[in-house]
Amino acid sequence: MNVEPTPGAAADRPMIEVRDLRKSFGTNVVLRGVSVEVQRGSVTSLIGPSGSGKSTLLRCCNLLEIPDGGQIRLGDKFFDFSASKKSLSDRQAAAYRAETGMVFQHFNLFPHMSVLQNVIEGLVTVRRMPAKQAREIGFEQLNKVGMMDKQGDYPGQLSGGQKQRVAIARALAMSPEVLLLDEVTSALDPELVDEVLAVIRQLAADGMTMILVTHEMAFAHMVCDKVIFIADGVVVESGGPADVFENAKHERTRQFLARYNRAGHAEVRV
Amino acid sequence: MNYEWNFGFLWEYRSLILTGILTTVGFAVGTTILGLLVGVVIGLGRLIGGPWLRLPLTGFVELFRCTPLLVQLVWLYYALPVISGVQVSAFLAATLALTFYASSFFAEIFRGGVASIDAGQWDGARAIGMRRLQILQRVILPQAFRNMLPAIMNQSVMQLKNTSLVSTVAVADLLYQGSIITSATYRPLEVYTLVAVLYFLVLFPLTRLSSQLEKWLAR
């Protein structure tokens, strides 16, 4: 396990490089050598059948799961998991996670804290920022997701869409280099999906680097710069949305997309 | 049956009964607090320690959970001095047995409370860069404590009743004083009726309080 800055000349390199990533849970092999590149300021979507490994790949990018093999580089931070993964300390992993935002399907807000406290918890506890300064950043992020008027509420008082917008603000407050979104509208009632998608679309317009795992293709088609189709733990196909959605080269991809088209998914979801 | 009930004579023994109540309540409060402290330390050790710490702690918990308190008490009082060569007073044996017994149950309540918190809470906290102890302190334990409170109250009520076992090693608790009065007066029916009423009068407010607390927590 190495954690070392890689030499400069970073301007033309992808912001994120994942090489030959492997991950198993017990005897269940989930990722069988996945390589992905993400450019700074781009939006990438991971699509694929359930159990294909796309969520695990996303969680590995944040070190919520520690890969069994392969490498991850994000900016100038480099991790090589080929050696022993035991030596990645809680401190190292936590420091890395603080730089990579993640938003979850089930929000995972802290129910005993107010909306504002949720958003500034990382700043106060992890960054040791004075409360006043943290609150200013908190207000700024809540404004961005349109949740300023709910700052004193508790998560239990919010709708799913509002919870998810707060969760996005909580991730943004840490000013992450990349935002990872794991099926962030899958748990929402259909009428609450748009408010969350609007926030994501605005973030994309602002140049936020994002990777999103999604089951809904229309939104991916509209917003993403790159689409990666994953099945059985490997990347089957990747390219621009037009390439993948309209001119898929692989039979496996075409079958997968055809199933979605037949199902007539009119709603746009992430 | 025409037993003639007569409680009047018990008034003479009021100071004996009062010391009994104070001893019982003192043991219950003292060993509950000690047991909670030891139980939380064991719980934390099992949660964040390596296997070299988890295994002996779990062994301790299971040992005290799976043997009767009366056996522990008698063993600490009679057998420990033989093994260690140090004389153990009845007071110390009673304190140790009640503390260890309570701590093993409190440690389990602690473990269950932490396990009751959804794994997503850990994910959410880890994703903003929090470390293990920070997550426990800021996110998991505040929520887990709410879930633990009813079980802690319940165990504390049991603890007060369990103190009656210390009378077997001649610690002058409420039950022991009752047996003294009985042997002086030969009127066990009145004596133990009073003892039962007194235990009830101490514990009933406590169980009311705990059900109020549960209602308040369930809001």
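Coordinates for the structure precede this section.
Computed from a predicted structure; not experimentally measured. In this numbering scheme, every chain counts its residues from 1 along its sequence in written order. Key to labels: chains lettered from A, ligands numbered from 1, both in the order written. Under the rules for a predicted model, residues below a pLDDT of 70 receive no local features and side-chain atom pairs below 80 are neither given nor counted, while totals for whole chains, interfaces and linings still include all residues.

Asks: Explain the overall build of chain A to me, and be specific about the residues and the numbers.
Replies: Counting secondary structure elements, chain A contains 9 helices and 11 strands. The size measure is the radius of gyration over C-alpha atoms, and the globule rule it meets is 2.2 Å times the number of residues to the 0.38 power. In terms of overall dimensions, chain A is globule-like: its C-alpha atoms have a radius of gyration of 19 Å, near the 18 Å expected for 270 residues. Along the three orthogonal principal directions, the C-alpha set of chain A runs to about 55 × 45 × 40 Å. Any residue with 12 or fewer other C-beta atoms within 10 Å of its own C-beta is exposed, any with 20 or more is buried, and the rest are partly exposed; the C-beta atoms used are placed from the backbone. Looking at chain A residue by residue over its 270 residues, the buried ones come to 46%. Taking as baseline every contact in chain A between residues at least 6 positions apart, the subset at least 24 positions apart corresponds to 68%. For helices the rule is a DSSP run of H or I covering at least 4 residues; for strands it is a run of E covering at least 2, with both sets numbered from the N terminus onward. Any two residues are considered in contact once their C-beta atoms, placed from the backbone, lie within 7 Å.

Asks: Any chance you could break down the interface of chain A and chain B for me, citing the residues and the numbers?
Replies: At the interface, 22 residues of chain A touch 16 residues of chain B. Broken down by secondary-structure element, the contributors of at least two residues to the side of chain A that touches chain B are α2 (90–98) and α3 (115–126) of chain A. Among the elements that line the side of chain A that touches chain B, the one with the most residues is α2(A), at 6 residues. Taken together, the residues that form the side of chain A that touches chain B break down as 11 nonpolar, 6 polar and 5 charged. Under the grouping applied here, Gly and all other residues not named as nonpolar or charged are polar, the nonpolar ones being Ala, Val, Leu, Ile, Met, Phe, Trp, Tyr, Cys and Pro and the charged ones Asp, Glu, Lys and Arg.

Asks: Before we move on, can you summarise unusual backbone geometry with the specific residues and values?
Replies: Residues and elements named next belong to chain A. Backbone geometry places leucine 63, a non-glycine residue, at a positive phi of 60°. Relative to the assigned elements, leucine 63 resides in the loop between α1 (54–61) and β5 (69–74). Classification of leucine 63 as buried rests on a count of 22 C-beta atoms within 10 Å. The phi angle at asparagine 108 is positive, at roughly 55°, despite the residue not being glycine. On the basis of neighbour count, asparagine 108 is assigned to the buried category, with 25 C-beta atoms found within 10 Å.

Asks: Account for the pairing of strand β8 (residues 178–182) of chain A, with residues named and values stated.
Replies: All names here are of chain A. Counting buried residues along β8, 5 of its 5 residues qualify, which places the element largely inside the surrounding structure. Every second residue of β8 is oriented toward a common face, with Val178, Leu180 and Asp182 on one face and Leu179 and Leu181 on the other, all of them buried. At least two bridges found by DSSP between two strands is the condition for calling them paired. With 4 bridges connecting them, strand β7 (residues 100–103) and β8 associate as parallel partners. From the neighbouring strand, threonine 100 faces β8, where its bridge partner is valine 178. Examined bridge by bridge, β8 and strand β9 (residues 210–213) share 4 bridges and lie parallel to one another. Among the inter-strand pairings, leucine 180 is bridged to a residue of β9, identified as isoleucine 211. Look down the strands so they point away from you; if going from the first strand over the helix to the second traces a clockwise path, that crossover is right-handed. Between β8 and its parallel partner β9, the chain crosses via helix α6 (residues 193–205), and the hand of that crossover is right-handed.

Asks: Now, about the packing of helix α1 (residues 14–48) of chain B against helix α2 (residues 51–65) of chain B: what can you tell me, with residues and values included?
Replies: All names here are of chain B. Where α1 contacts α2, the axes come no closer than 8 Å and their chain directions differ by 140°. It follows from the interaxial angle that α1 and α2 lie oblique. In this structure, α1 crosses over α2, and the sense of that crossing is left-handed. Residue-level inspection shows Ile42, Gly45 and Arg46 of α1 in contact with α2, the latter providing Leu53, Arg54, Leu57, Thr58, Phe60 and Val61. In the contact of α1 with α2, the residues fall into 5 nonpolar, 2 polar and 2 charged. Orientation is described by axes fitted as lines to C-alpha atoms, over the contacting stretch for helices, and by angles from 0 to 180 degrees between their N-to-C directions. For classification, angles of less than 35 degrees are called roughly parallel, those exceeding 145 degrees roughly antiparallel, those between 65 and 115 degrees roughly perpendicular, and all remaining angles oblique. Crossing chirality is assigned from the near helix's rotation relative to the far helix, an anticlockwise turn below a right angle marking it left-handed and a clockwise turn marking it right-handed.

Asks: Explain the sheet that holds strand β10 (residues 226–231) of chain A to me, and be specific about the residues and the numbers.
Replies: Residues and elements named next belong to chain A. The strand order across the open sheet formed by 6 strands is β7-β8-β9-β4-β10-β11, and the pairing between neighbours is mixed. A single partner strand is all that each edge strand has here, and the edge strands are β7 and β11 (234–239). Mean inter-strand twist for the sheet, computed between neighbouring axes without regard to direction, equals 20°. In the sheet, β10 pairs with β11 via 5 bridges, with the strands oriented antiparallel. Within β11, the position partnered with isoleucine 228 by the bridge is serine 238.

Asks: Give a detailed account of the packing of α3(A) against helix α4 (residues 131–144) of chain A, specifying residues and quantitative values.
Replies: Residues and elements named next belong to chain A. As a packed pair, α3 and α4 sit with axes 9 Å apart at the nearest point and diverge in direction by 130°. Comparing the axis directions of α3 and α4 gives the class oblique. When you trace α3 past α4, the crossing you get is right-handed. On α4, the residues touching Leu116, Val119, Ile120, Leu123 and Val124 of α3 are Ala131, Ala134, Arg135, Ile137, Gly138, Gln141 and Leu142. Classifying every residue of the contact of α3 with α4 gives 9 nonpolar, 2 polar and 1 charged.

Asks: Explain the pairing of strand β4 (residues 43–47) of chain A residue by residue, including any values.
Replies: Residues and elements named next belong to chain A. Across the 5 residues that make up β4, a large majority, 5, are buried. The two faces of β4 match: Val43, Ser45 and Ile47 on one face and Thr44 and Leu46 on the other face are all buried. Inspection of the sheet shows β4 paired to β9 by 4 bridges, in the parallel sense. Bridge pairing in β9 places valine 43 opposite methionine 210. As paired elements, β4 and β10 share 4 bridges and run parallel to each other. Counted as the bridge partner of threonine 44 is lysine 226 from β10.

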